[in-house]
Amino acid sequence: MDYRPGILKVLHAVAGEEINPEPDESLFSSGLLDSFTLPDFVSGLEQEFSITVPDSDLSARKFDTVEKVETYLEDKVS
Amino acid sequence: MAFLRGFGKYLPERVVTNDELAAVCGVEAEWILSASGIRERRYAADAETVASLATSAANDCLTRCSLEAAELGMIIVASGSPDRYTPGPAAMVAQALGLNSTPALDVPVASAGSLIAMAMASQFAGTVGPVLVIGSEIMSRRVERTPEGKNTAILFGDGAGAVLIHPGEGLARILDHVLRTDGSAAEILRIEDRHLHMDGGSVILQALRKIPAAMKELMDRHSISPEQIGTVIMHQANLNLIQRVAKVSGIALERFPVNIDHYGNTSSASLLIAAAEWNEGRNDLPVDGHLLFAAFGAGLNWGALLASSAKE
């Protein structure tokens, strides 16, 4: 399954702009996310992919790049 | 049974503005304000210690409650930034208050320590008598005021707050509490080698889920709706976090007293400094309705405490 379109959809909604970062580009370093938009990004992913992110997965590192989010979703959705 | 009898506080004199910090951290003063809601914070003088700040807040609280130190059954001091590893500040505070046999315990938990201490005190008060709870921190000695340390340096300040938990009378009766600990994320917020280490994004992610959950657990347990909560005294970590907790919990933001703009994040002291100022603003009158306290901190430790009108 290609998760990238859904990830970018959520990212654009949260960041408020349609910037498409490189898959390995830090969403924090690039300024697309910060500490207070990250919770919205995670909530958006939960809704978009009908998953629940447990407290044990609430680490910024897991959601730092599009690639990492894809890896997480592959593990979570399958 | 246990009651919130009264509060006290102490803030060091030195005011550190965003302009002063911005210059050494290589950021804009406006960015500090927008990222945190903080305009200024207080720093302890070189001669001040966590114990001396705590003693000043303790004396303020005892004076406001018209209680002599000798009448205390116990002292509990919460601090994540103690002057030394052991003994902690509690014994020094007891000594400074002229006590040499009253039990004095330390709760070395940054940010959530004073909430934990309040819950402990509510359990002890009926047995030992009035318990003085103090949160005291000198976080300015745990951060690096450099461009590399800017993400924590801009947030933290120094101060102390206190509350007297009384077994027989007070402004409000403590009904219940929720305390939780999850060590699996301990690394995201810790003080190690005298330096604060914080993964801010992960801390906010965790706090934004755990604080409202603890508050909801207490409200559900007592069949209290968000509309019935009169006031929420929350750990003053970040204005944005307080605003988001208000939104998630369904409790109007104006019911959350906020003083982070003046003092920054004073870790475990912030809950009781905020409570003291809230109580001063209402002229020490008995609480009418429900009062919630909520905090989140290193450990991870988090929780909430519910108090209500003393008449009920």
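Residue numbering note: each chain is counted from 1, following its sequence as written. Numbering of ligands from 1 and lettering of chains from A proceed in the order in which they are written. Where local features are concerned, this predicted model is filtered to residues with pLDDT of at least 70; where side-chain atom pairs are given and counted, the filter is 80 or more; whole-chain, interface and lining totals use all residues. Hydrogens and water are ignored here; the side-chain numbers use all heavy atoms of the structure.

Turning next to the pattern of salt bridges. A side-chain nitrogen of Lys or Arg and a carboxyl oxygen of Asp or Glu constitute a salt bridge if their distance falls within 4 Å. Summed over the entire model, instances satisfying the criterion amount to 19 salt bridges over all chains. For E48 of chain A, the salt bridge goes to K9 of chain A, with nearest N and O atoms at 3.1 Å. Highlighted residues: E48 of chain A in helix α2 (residues 38-49) and K9 of chain A in helix α1 (residues 4-15), separated in sequence by 39 residues. A simple rule labels every residue: compare its accessible area, found with a 1.4 Å probe on the protein chains alone, to the largest value its type can have, and call it buried under 20%, exposed over 50%, or partly exposed in between. Take E48 of chain A: its relative accessible area is 31%, and that puts it in the partly exposed class. Taking relative accessible area as the criterion, K9 of chain A reaches 51% and is therefore assigned exposed. In this structure, K216 of chain B engages D220 of chain B in a salt bridge whose closest nitrogen and oxygen atoms are separated by 2.6 Å. One end of the pair is K216 of chain B and the other is D220 of chain B, both in helix α7 (residues 200-221) and 4 residues apart, which spans about a single turn. Counting from the N terminus, the helices are DSSP H or I runs at least four residues long and the strands are E runs at least two residues long.

Let us now look at the sheet that holds strand β11 (residues 229-234) of chain B. All names here are of chain B. Strands are labelled as partners when DSSP assigns at least two bridges between them. Spatially, 9 strands are ordered β5-β4-β6-β7-β1-β8-β13-β12-β11 in an open sheet, and the strand pairing comes out mixed. Taken across any chain shown, the strands that pair with only one partner, and hence form the sheet edges, are β5 (104-107) and β11. Within this sheet the neighbouring strands show an average axis-to-axis angle of 25°, counted without direction. We call two residues in contact when some of their heavy atoms are within 4.5 Å. In this analysis, axes come from line fits to C-alpha atoms, helices being fitted only over the stretch in contact, and the angle between any two N-to-C directions falls in the range 0 to 180 degrees. Contacts from helix α5 (residues 113-128) reach β1 (3-10), β4 (74-78), β5, β6 (131-138), β7 (158-166), β8 (172-181), β12 (290-297) and β13 (301-309), with the element oriented near 160° to β6.

Residue and element names in this part refer to chain B. Mapped onto the elements of the fold, A125 is located in helix α5. Residue classification places A125 among the buried residues on the basis of a relative accessible area of 0%. Along the chain, A125 and G168 lie 43 residues apart, while their C-alpha atoms are 9.0 Å from each other. Sequence-distant contacts of A125, that is, excluding residues within four places in its chain, are made with A2, V131, I165, H166 and P167.

The two faces of the sheet receive side chains in turn, since in a regular strand these alternate between them. Residue and element names in this part refer to chain B. Counted residue by residue, β11 has 5 buried out of 6 residues, so it is predominantly covered. Alignment of β11 against β12, held across 5 bridges, turns out to be parallel. Looking at β12, one finds that M234 is bridged to A294.

A few words now on the packing of aromatic side chains. In this scheme Phe, Tyr and Trp rings, the latter by its six-membered ring, pair at centre separations within 6.5 Å, and the angle between planes marks the pair as stacked below 30 degrees, edge-to-face above 60, and tilted otherwise. Here the structure, examined in full by the defined rule, presents 2 aromatic pairs over all chains. Centre to centre, the rings of Y3 of chain A and F49 of chain A are 5.7 Å apart; their planes meet at 70°, and the pair counts as edge-to-face. Here Y3 of chain A is found in the segment before α1, whereas its partner F49 of chain A is found in helix α2, with 46 residues between them in sequence. Each member of the pair, Y3 of chain A together with F49 of chain A, is buried. Each ring is checked for a lysine NZ or an arginine CZ that lies within 6 Å of its centre and within 35 degrees of its normal; such an atom marks a charge sitting over the ring. Here the basic side chain of K210 of chain B rests over the ring of W302 of chain B, its NZ or CZ set 4.9 Å away from the ring centre. The ring centre of W278 of chain B lies 4.5 Å from the NZ or CZ of R282 of chain B, which sits over that ring.

What follows covers the domain arrangement of chain B. Residue and element names in this part refer to chain B. The assigned domain composition of chain B is domain 1 (3-166) and domain 2 (172-309). Of note, the centres of domain 1 and domain 2, computed from C-alpha atoms alone, are 16 Å apart. Listed as interface residues are 54 residues of domain 1 and, on the opposing side, 45 residues of domain 2. When two parts are put together, the accessible area they lose, computed with a 1.4 Å probe and summed over both, is reported as buried area. Approximately 4000 Å² of surface area, both sides summed, lies buried where domain 1 meets domain 2, with 65% of it carried by carbon and sulfur atoms. On inspection of domain 1 and its partner domain 2, the count reaches 2 salt bridges. A salt bridge links E280 to K9; the nearest nitrogen and oxygen atoms lie 3.0 Å apart. Here a polar contact is recorded for every N or O atom pair within 3.5 Å, except that within protein the pair must consist of a potential hydrogen donor and a potential acceptor, and residues adjacent in sequence are included only if both atoms are side-chain atoms. The tally of links from domain 1 across to domain 2 stands at 19 residue pairs in polar contact (both at pLDDT 80 or more). The split of the chain into domains comes from an automatic or database domain assignment.

Looking now at the pairing of β4 of chain B. Residues and elements named next belong to chain B. Most of β4 sits out of view: 5 of its 5 residues are buried. Residues M74, I76 and A78 line one face of β4 and the alternating positions I75 and V77 line the opposite face, and both faces are buried. By the bridge criterion, 5 bridges tie β4 to β6 in an arrangement that is parallel. Within the sheet, the bridge partner assigned to M74 lies in β6 and is V131.

Let's shift gears to unusual backbone geometry. Residue and element names in this part refer to chain B. Here the amide bond leading from T86 into P87 is cis, since omega sits at 0°, within 30 degrees of zero. Assignment of secondary structure puts P87 in the loop between β4 and α4 (89-96). Of note in this structure, S111 is not a glycine but carries a positive phi near 75°. You can see S111 is positioned in the loop between β5 and α5. With a phi close to 55°, S223 is a non-glycine residue in the positive phi region.

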